[in-house]
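Descriptive structure summary
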Amino acid sequence: MDKETYMKNLWNKYQQTKELKYLIEACENAPFFGNPRMGKEIAKILKKIKP
């Protein structure tokens, strides 16, 4: 599966469930325009607020 399809699937799953785990996974795997550490940091913050 290519990255675009993967991200669309994660977004659709999040929209259907509102489960943060899908946003976290997207952030951990998104390149963030050549700065992947940004995504890792966002994922870390989301994990802290995850119920």
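Reading the values: rules and limits
- Per chain, the residues get numbers from 1 upward, laid out in the order the sequence is written.
- Totals for whole chains, interfaces and linings use all residues, but because this is a predicted model, local features are given only for residues with pLDDT of at least 70 and pairs of side-chain atoms are given and counted only at 80 or more.
- Side-chain numbers here rest on the full set of heavy atoms in the structure, without hydrogens or water.
- Salt-bridge detection follows one rule: a side-chain nitrogen of Lys or Arg within 4 Å of a carboxyl oxygen of Asp or Glu.
- Throughout, exposure labels follow a simple rule: accessible area from a 1.4 Å probe, protein chains only, divided by the maximum for the residue type, with under 20% read as buried, over 50% as exposed, and the rest as partly exposed.
- We count a stretch as a helix when DSSP gives it H or I for four or more residues in a row; a strand needs E for two or more, and each element gets its number in order from the N terminus.

1. A closer look at the pattern of salt bridges
Side-chain pairs of opposite charge can arise whenever the charged atoms involved come near each other. Evaluation of the coordinates by the stated rule reveals four salt bridges. Across the pair Lys21 and Glu19 runs a salt bridge whose closest N-O atoms are separated by 3.4 Å. We classify Lys21 as partly exposed; its relative accessible area is 39%. The shortest N-O distance in the salt bridge between Lys44 and Glu41 comes to 3.5 Å. Of this pair, Lys44 and Glu41 both sit in helix H3 (residues 36-49), three residues apart, which is roughly one turn of that helix. Exposure remark for Glu41: the relative accessible area of 40% places this residue in the partly exposed category.

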